[in-house]
Amino acid sequence: MSDYLARSAQYFPLLLEGVTLTIVVTLGSVFLSSILGLVWAIMAVSKSRILRGISRTFITIIRGIPIIVQLFYIYFVLPELGVNLTALQAGIIGLGLAYSAYQAENFRAGIEAIDKGQIEAAHSIGMTDGLIMRRVILPQAVRIVLPPFGNTIIMLLKDSSLVSTITVAELTRQGQLIASSTFDNMTVFTLVALMYLAMAVPLTFLTRHLEKRYATS
Amino acid sequence: MISVEDIRKSFGPLEVIKGVSFNVSQGEVVCIIGPSGSGKSTILRCINGLETYNSGAITFDGIKIDPGDKSIVNVRTQLSMVFQRFNLFPHRTALENVIEGPVQVKREKKADAMERGRELLDKVGLSGKLDAYPGSLSGGQQQRVAIARALAMRPKAILFDEPTSALDPELVGEVLSVMRDLANEGMTMVVVTHEMGFAREVADRVLFLESGVIMEEGSASELLRNPKHERTKDFLHRVINPLE
């Protein structure tokens, strides 16, 4: 047991470096997917048939391709077209794009849940579409969208391990590297799993808290 | 002030307004009555540009109502609307609902708008509910906030779309009395309503609408006491004696 702990202590700093990158990838792709998801969602509910079509087509394509293939495409294929990205950039952009499709569906549901009467009332006091989105729809949609948003962040945290396949040295990748040089698979991957749990569990509690808080109002 | 000229409106193959014309002058209170589905609300919604119309013309102070044109925003700041289901913003307090238009649309100073918002909520009898959210207010209180919100825009006219139809019977009076006060102050109003008592007391003119046409129109006392058209007689009889 003491041997086990000693080895854990030895791997710990390396794995923590991986945790840092995992957090960077997760936060980066949460940010990117939220912004893009909001754009797709607003396009999906717009009056323009063209914008709705673009949004629907994009979402359909993204949801139909495995995330890992999207990552390979961005990291290995784009350079052939003259777009060179670092592994980290490619990872964040890939996950961000992939998750923007799921976020868009969340946001759209939130936007469409707002009663049409309120939108008419807003029009009747002279508010323009942009003002209505900002002052009437989004503040209310945020409350509806928060709990599923929390779940999305947890899924993104776990799926950030996918960027290990394009050489980003995040937690899973660091684990693989240590394990392949030490053959101490049990210690390494137990630590890796515990570190993911340590990040995911607080998020789960936060999401449950939000669900309870907004369920009544 | 409001001129409606021979407007027609279809939803798909169904023509719901079949050539309706009327004028509303400044300070006038016009009530539109008629059975459900007769097109009353649709006409009101066309005047506010919430609904398009297929032909004819509606003008407000000489400006043509065109929901697709930017001018509609200008019209709406002068022509408020009160809805059957109140349509308050549930995430904002009573006072915030009232100042939303003046601050966001008319760019008034927030302090001035709040001052006036308090006055208006006091006027509709809700000075104690400034910070209440719509969800904690009764239907009658919500509708009075909605009227204060409409007034906050300093409109030249207000359109009321069945303002008491969604209310419990004992709450109808508080809303109608606010509306009567407005009428007495000279506000131009178009009111779609089933409240014949209100129409009789407050309206200058009553239009009876059925199947998308104005069957009869006249002064409130004349049309409600001595309807000429059989349909009007029949409708009024049924409204006043629902069990016969």
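For the structure, check the block above.
A short tour of the structure in this document, coming up. Throughout, a residue's number is its position along its own chain's written sequence, starting from 1. Whichever chain is written first becomes A and whichever ligand is written first becomes 1, with later ones labelled in order. pLDDT decides what is reported in this predicted model: residues at 70 or higher carry local features, side-chain atom pairs at 80 or more are listed and counted, and totals for whole chains, interfaces and linings draw on all residues regardless. Excluded from the side-chain calculation are hydrogens and water; included are all heavy atoms of the structure.

Let's talk about the overall build of chain A
Turning to step 1, where the next piece is worked out: Helical segments are the DSSP runs of H or I of at least four residues, strand segments are the runs of E of at least two, and each set is numbered from the N terminus. When its secondary structure is counted, chain A shows eight helices and zero strands.
Turning to step 2, where the next piece is worked out: In terms of principal-axis extent, the alpha carbons of chain A reach across some 75 × 50 × 25 Å.
Turning to step 3, where the next piece is worked out: Evaluated residue by residue, chain A yields a buried proportion of 43% over its 217 residues.
Turning to step 4, where the next piece is worked out: Contact between two residues is taken to exist if any of their heavy atoms lie within 4.5 Å; hydrogens are not considered. Nonlocal contacts in chain A, meaning residues at least 24 apart in sequence, comprise 76% of its contacts between residues at least 6 apart.
Turning to step 5, where the next piece is worked out: Carbon together with sulfur atoms contributes 69% to the accessible area of chain A, which is approximately 11200 Å² in total.
Turning to step 6, where the next piece is worked out: Charged residues are defined here as Lys and Arg on the positive side and Asp and Glu on the negative side; His and the ends of the chain fall outside this count. Charged groups are reduced to one reference atom each: NZ for lysine, CZ for arginine, CG for aspartic acid, CD for glutamic acid. Chain A carries 16 positive and 12 negative side-chain charges, and their two centres are separated by 10 Å. Throughout this description, buried means an accessible area under 20% of the type-specific maximum (1.4 Å probe, protein chains only), exposed means over 50%, and partly exposed covers the range between. What sets the accessible areas is the Shrake-Rupley method with a 1.4 Å probe; for residues, cover comes only from the shown protein chains.

Observations concerning the interface of chain A and chain B
Turning to step 1, where the next piece is worked out: Listed by partner, the interface residues are 18 residues for chain A and 22 residues for chain B.
Turning to step 2, where the next piece is worked out: Both faces considered, chain A and chain B share a buried interface measuring about 1700 Å² in area, 58% of it formed by carbon and sulfur atoms.
Turning to step 3, where the next piece is worked out: Ranking the residues of chain A by area buried against chain B places Ser124(A), Ile125(A) and Arg135(A) at the top, with a combined share of 37%.
Turning to step 4, where the next piece is worked out: One speaks of a salt bridge when a side-chain nitrogen belonging to Lys or Arg is within 4 Å of a carboxyl oxygen belonging to Asp or Glu. For the pair chain A and chain B, the interface holds two salt bridges.
Turning to step 5, where the next piece is worked out: One salt bridge in this structure joins Glu100(B) and Arg135(A), with 2.8 Å as the shortest N-O distance. Buried area: the sum, over both parts, of the accessible surface (1.4 Å probe) that disappears when the two are put together.

Overview of the environment of Asp131(B)
Residues and elements named next belong to chain B.
Turning to step 1, where the next piece is worked out: The topology assignment puts aspartate 131 in the loop between α4 (110-123) and α5 (139-152).
Turning to step 2, where the next piece is worked out: Classification of aspartate 131 by relative accessible area gives exposed; the value is 61%.
Turning to step 3, where the next piece is worked out: As a C-alpha pair, aspartate 131 and threonine 93 span 38 residues in sequence and 5.1 Å in three-dimensional space.

Here's the deal with unusual backbone geometry
Residues and elements named next belong to chain B.
Turning to step 1, where the next piece is worked out: One non-glycine residue, asparagine 87, adopts positive backbone phi at about 55°.
Turning to step 2, where the next piece is worked out: According to the relative accessible area criterion, asparagine 87 is buried, its value standing at 7%.
Turning to step 3, where the next piece is worked out: A positive phi angle, near 60°, is found at arginine 107, a position not held by glycine.
Turning to step 4, where the next piece is worked out: Tracing the backbone through its elements, the reader meets arginine 107 in the loop between α3 (94-105) and α4.
Turning to step 5, where the next piece is worked out: Using a relative accessible area of 62% as the deciding quantity, one classes arginine 107 as exposed.

Some points on the sheet that holds strand β4 (residues 55-60) of chain B
Sheets are built from strands that pair by backbone hydrogen bonding, the pairs being arranged parallel or antiparallel.
All names here are of chain B.
Turning to step 1, where the next piece is worked out: Strand pairing requires that DSSP identify at least two bridges connecting the strands. Pairing is antiparallel in the open sheet, where four strands are placed in the order β2-β1-β4-β5. On the outer flanks of this sheet lie β2 (14-24) and β5 (63-64), each paired with one strand and no other.
Turning to step 2, where the next piece is worked out: For strand β1 (residues 2-11) and β2, the ladder comprises eight bridges, and the chain directions are antiparallel. For isoleucine 7, the partnering residue across the bridge sits in β2 and is valine 20.
Turning to step 3, where the next piece is worked out: Here, axes are lines fitted to C-alpha atoms. For helices the fit covers the stretch in contact, and angles between N-to-C directions go from 0 to 180 degrees. Against the sheet, helix α1 (residues 40-47) makes contact with β1, β2 and β4, and its axis sits at roughly 65° relative to β2, the strand it touches most.

Some thoughts on the packing of α5(B) against helix α6 (residues 169-184) of chain B
Residues and elements named next belong to chain B.
Turning to step 1, where the next piece is worked out: At a minimum axis distance of 8 Å, the contact between α5 and α6 shows a crossing angle of 20°. The angle between α5 and α6 places the two elements in the roughly parallel class. For the pair α5 and α6, the crossing hand works out as right-handed. Across the interface between the two elements, Gly139, Gly140, Gln141, Gln143, Arg144, Ile147 and Leu151 of α5 pack against Leu171, Glu174, Val175, Val178, Met179 and Leu182 of α6. Each angle gets one of four labels, with under 35 degrees taken as roughly parallel, over 145 as roughly antiparallel, 65 to 115 as roughly perpendicular, and the rest as oblique. Two helices crossing with the near one rotated counterclockwise from the far one by less than a right angle form a left-handed crossing, whereas a clockwise rotation gives a right-handed crossing.

Structural notes on the packing of helix α1 (residues 2-44) of chain A against helix α4 (residues 87-112) of chain A
All names here are of chain A.
Turning to step 1, where the next piece is worked out: The interhelical angle for the contact between α1 and α4, taken along N-to-C directions, is 45°, at an axis separation of 5 Å. In terms of their interaxial angle, α1 and α4 are classed as oblique. Viewed along their axes, α1 and α4 form a crossing whose handedness is right-handed.
Turning to step 2, where the next piece is worked out: Looking at the contact of α1 with α4 residue by residue, the classes come out as 20 nonpolar, eight polar and one charged. Gly is placed with the polar residues, together with every amino acid not listed as nonpolar (Ala, Val, Leu, Ile, Met, Phe, Trp, Tyr, Cys and Pro) or charged (Asp, Glu, Lys and Arg).

Re a negative patch on the surface
Turning to step 1, where the next piece is worked out: The patches described consist of residues with a relative accessible area above 30% and no salt bridge, like charges being joined within 9 Å and nonpolar side chains (Val, Leu, Ile, Met, Phe, Trp, Tyr) within 5 Å. Judged by side-chain charge, Asp112(B), Glu115(B), Glu119(B) and Asp122(B) come together as a negatively charged surface patch.
Turning to step 2, where the next piece is worked out: Under the relative-accessibility criterion, Glu119(B) is labelled partly exposed at 47%.

Observations concerning the sheet that holds strand β7 (residues 157-161) of chain B
Residue and element names in this part refer to chain B.
Turning to step 1, where the next piece is worked out: Overall, mixed pairing links the six strands, which are arranged β6-β7-β8-β3-β9-β10 in an open sheet. Only two strands of the sheet have a single neighbouring strand rather than two, namely β6 (79-82) and β10 (213-219). Across the sheet, the mean angle separating the axes of adjacent strands is 15° when strand polarity is ignored.
Turning to step 2, where the next piece is worked out: Of the pairings in the sheet, the one linking strand β9 (residues 205-210) to β10 comprises six bridges and is antiparallel in character. Its bridge partner lying in β10, glutamate 210 is registered against valine 213.

Considering the nonpolar core
Turning to step 1, where the next piece is worked out: Core analysis: the biggest nonpolar cluster contains 52 residues, and Ile33(B), Leu121(B), Ile147(B), Phe160(B), Met179(B), Met189(B) and Val206(B) have the highest contact counts within it.
Turning to step 2, where the next piece is worked out: The biggest single contributor to this core is α6(B), with eight residues.
Turning to step 3, where the next piece is worked out: Those residues in contact with Met189(B) that lie beyond four places of it in its chain are Glu28(B), Val29(B), Val30(B), Ile158(B), Phe160(B), Met179(B), Leu182(B) and Ala183(B).
Turning to step 4, where the next piece is worked out: Counting residues in each nonpolar core, the second largest holds 34 residues, with Ile67(A), Ala90(A), Ala98(A) and Ile114(A) among its members. Residue types Ala, Val, Leu, Ile, Met, Phe, Trp, Tyr and Cys, when buried and joined through side-chain atoms within 4.5 Å, form a set referred to as a nonpolar core.

On their own, these measurements won't tell you what the molecule is for.
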